[in-house]
Amino acid sequence: MNKIYLDNAATTPLSPEVIDEMIDVMKFNYGNPSSTHSFGQQAKTLLEKTRREIADDLKVSPAEIIFTSCGTEANNMIIKSAVEHLGIERIITSPIEHKCVAESVLDMKKRRNVEVVYLRPNSEGDIELEKLEEALKSSDKKTLVSLMHANNEIGNVLDLEKAAKICKENGALFHSDTVQTVAHLDLDFSKIPVDFASCSAHKFHGPKGAGFAFIRKSSGLKAMIVGGPQERNLRAGTENVCGIAGLGKAMELSMRNLENYSAHIKEIKKYAVQEIKKAVPNVKFNGKSGTDESLYTILSVLLPFKNPLIGLQLDMKGVAVSQGSACSSGSPQPSMAMMLLLSENEMENSTPLRISFSHLNTKSDIDVLANALKEIAEGKV
Ligand code: PLP
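Sequence order as written defines residue numbering, which begins from 1 separately in each chain. The predicted origin of the model limits local features to residues at a pLDDT of at least 70 and limits the giving and counting of side-chain atom pairs to 80 or more, whereas totals for whole chains, interfaces and linings rest on all residues. Each side-chain value is derived from all of the structure's non-hydrogen atoms; neither hydrogens nor water enter the calculation.

K.L.:
Is there a simple way to explain helix H8 (residues 258-279) in this structure?
P.N.:
Quick reminder: α-helices carry 3.6 residues per turn. Residues three or four places apart thus point the same way. Here a strand is any run of E in DSSP of at least two residues, a helix any run of H or I of at least four, and the numbering for each starts at the N terminus. Helices are assigned an expected span. That span is 1.5 Å times one less than the residue count. Taking 1.5 Å per residue, 22 residues should reach 32 Å; H8 reaches 31 Å between its end C-alpha atoms and fits that length. Residues Leu258, Ser262, Ile265, Ile268, Lys269, Tyr271, Ala272, Val273, Glu275, Ile276 and Ala279 constitute the buried set of H8. Contacts between residues were defined by any pair of non-hydrogen atoms, one from each residue, lying within 4.5 Å. On its buried face, H8 is in contact with helix H7 (241-256), strand E9 (284-285), strand E10 (298-303), strand E12 (351-356) and helix H13 (363-377). For every residue, the accessible area obtained with a 1.4 Å probe (protein chains only) is divided by the maximum for its type, and the residue is called buried under 20%, exposed over 50%, and partly exposed between those limits.

Here it is, written out as C-alpha cells:
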C-alpha cells in the first residue's frame, strides 16, 4: 500500500541532503568541539559556521543562537531562567500554548509563586492584542509574555511584530514559541523586537534531538543545565555536532527553497480545503485554518460526525494524520484549543482532525485522503 504522510506538524521526514551531511559528520567529524586538538577544532568550526548561518537567516548575531536538544528544552530554558534569573513575577500567556510552554509556566507558578494571566483566544482562535495591552497595563510586576507564533493545532498566526512592540512599550519581556514557523516563514528578528524564541529541526526536515533558543544578547538569561562552559555558558553539555549540522543543512535548504516550497504547500492546502468540502458535506475548519490567514502547513478540520477511531481508520487506509497535536493525540481528552473553540454540541457530535503538509505532498495525496474521508463519512468502512 502506498502510504501517505500528512502529519508534518508533528514531524517531517529527513531530507536526503540532511542525511548525507549527518553521515559525513558522524564518519569524519567526530571530535569534541571543546577539545583543543585538530579533531575538536574541526567540530568547533562546523558548529560555529552553522550558528553563523542560522543567525544570518534570522538577522541576529551568532552569539544569540544557543543550540539545545529540542524545542521543548529551548522553551523550558527561556521561561524558567526568565523567572529564576531575571526576576519575572508575572507571566502573560494563552491557554492554547504547546504543552512544553504550558507546563513550564505552571511549574513556575507552583514553585516560584509566579502570577499567571491567561489570554483566552477569541472565537476564531486569535489572541487579541488589545487584551495583551490591557493585561500589561494592569500591573507593575515584572512580566514575561509567552505567546506562540503559530498554533500547532489550528495554525492561527500571531502578529509577532505588533505583539513584540506592545511588550516593549510596556516594559515586558517577550518570548514566542516559534517552533512551527522557523524555516517556514521568513523571520527577521532585527525588525521584530522579540527577546526569546525557539526552534526544532525536525519540523523542517531536520533531525529530532536538535534545536535552538534565540536569546537576545542583552537579556541576561542564564543556563538551566549547568556543567561545562559550552554554548557561551548558557547550556552545558557536549554539543550534538551531527544533529546541529543536520539542523543547519535543513534550515539552509528550507530558506533557499522557501518561496517554492511555500507556494507549493499553499496550493496543496487550498486543494485540500476544496476536496474535503466536496467529500464531506457540512465539514468545517477550526480557527482560521480554512483561510489563507493561517499557517500554510496546517489545516484543522472539524468533521460533522463523531468518530474517535478515525485516526486509526485513516491509518488503515494508508493515510497518516493527527487527531489533535502529536502531544495530545494519544490522550482521550480533547485538546484545550478544541475545548475553547468548539460549542458543547460540536464537542459531542463532531471530530477534529489535523492535516499538515510539507513540500513533498502532492494533489494525489489529497485525493486519497478525500476519498478515504468520503468513505468513512458514508459509513463504508
Ligand atoms: N512548540 C510547538 C508549537 C510544537 O509544535 C512542538 C512540537 O510538537 C514543540 C514546541 C516541541 O518541540 P520538540 O518536539 O522539538 O520538543
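After that view of the structure, there is still more to cover.
K.L.:
I would appreciate a short explanation of helix H5 (residues 129-137) in the present structure.
P.N.:
Of all the positions in H5, only Leu129, Leu132, Ala135 and Leu136 are classed as buried. Looking straight down H5, one finds its buried side chains confined to an arc of 115°; they lie on one side. The exposed residues of H5 that point more than 90 degrees off its buried face are Glu130, Glu134 and Lys137. Where H5 is buried, its residues meet strand E3 (90-93), strand E4 (115-118), strand E5 (143-146) and helix H6 (160-169). Working definition: the arc comes from the directions between the helix axis and the C-beta atoms, pointing outward to the latter.

K.L.:
What should I look at first to understand the packing of aromatic side chains in this one?
P.N.:
For any pair of aromatic rings, the description consists of the separation of the ring centres together with the inter-plane angle of the planes. Centres within 6.5 Å are what make two rings of Phe, Tyr or Trp a pair, Trp counting through its six-membered ring; a difference in plane orientation under 30 degrees is then read as stacked, over 60 as edge-to-face, and the rest as tilted. By the definition in use, this model includes two aromatic pairs. On the basis of an interplanar angle of 40° and a centroid distance of 5.8 Å, the ring pair of Tyr30 and Phe39 is categorised as tilted. For Tyr30, a relative accessible area of 57% puts it in the exposed group. Plain terms: the ring middles of Phe189 and Phe214 are 4.9 Å apart, the flat faces sit at 35° to each other, and that makes the pair tilted.

K.L.:
Would you take a moment to explain the site of the ligand for this structure?
P.N.:
The criterion for a residue being near a molecule or strand is simple. One of its heavy atoms has to lie within 4 Å of it. Lining the immediate surroundings of the ligand are 14 residues, of which Thr72, Asp177, Gln180, Ser200 and Lys203 lie closest. Within 3.5 Å is the distance limit for a polar contact, defined as a pair of N or O atoms, with the added protein rule that one can donate a hydrogen and the other accept it, and that residues adjacent in sequence qualify only through two side-chain atoms. Contact distances for the ligand include 3.4 Å between an oxygen atom and a side-chain N or O atom of His98. The side chain of Lys203 places a nitrogen or oxygen atom 2.6 Å from an oxygen atom of the ligand. Only the protein chains shown count as cover for residues, and the accessible areas themselves come from Shrake-Rupley with a 1.4 Å probe. Here the ligand has 390 Å² of accessible area as a free molecule, and 90% of this is covered by the chains. Among the elements that take part in the shell around the ligand, helix H3 (residues 71-86) stands out by supplying three residues, more than any other. In this classification, the charged set is Asp, Glu, Lys and Arg, the nonpolar set is Ala, Val, Leu, Ile, Met, Phe, Trp, Tyr, Cys and Pro, and all remaining amino acids, among them Gly, are polar. Residues that form the shell around the ligand fall into these classes: four nonpolar, eight polar and two charged.

K.L.:
Mind showing me how you'd approach the domain arrangement of the chain here?
P.N.:
Interface size is often expressed as the accessible area that is lost when the parts come together. Examined at the domain level, the chain breaks down into domain 1 (4-12 + 258-377) and domain 2 (16-256). Each domain span listed reflects an automatic or database assignment of domains. For domain 1 and domain 2, the distance between their C-alpha centres works out to 27 Å. Between domain 1 and domain 2, the residue contacts involve 31 residues of the former and 34 residues of the latter. Buried area is a sum: the accessible area each of two parts loses on coming together, probed at 1.4 Å, counted once for each and added. For the pairing of domain 1 and domain 2, the buried interface totals around 2,500 Å² over both sides, and the portion due to carbon and sulfur atoms is 57%. Between Lys or Arg on one side and Asp or Glu on the other, a salt bridge is scored when a side-chain nitrogen of the former is within 4 Å of a carboxyl oxygen of the latter. At the junction of domain 1 with domain 2, the criterion picks out one salt bridge. Joining domain 1 to domain 2, the criterion identifies 15 residue pairs in polar contact (both at pLDDT 80 or more). Looking at the side of domain 1 that touches domain 2, the element that brings in the most residues is helix H11 (residues 336-341), giving five residues. Of the residues belonging to the side of domain 1 that touches domain 2, the class tally is 14 nonpolar, 14 polar and three charged.

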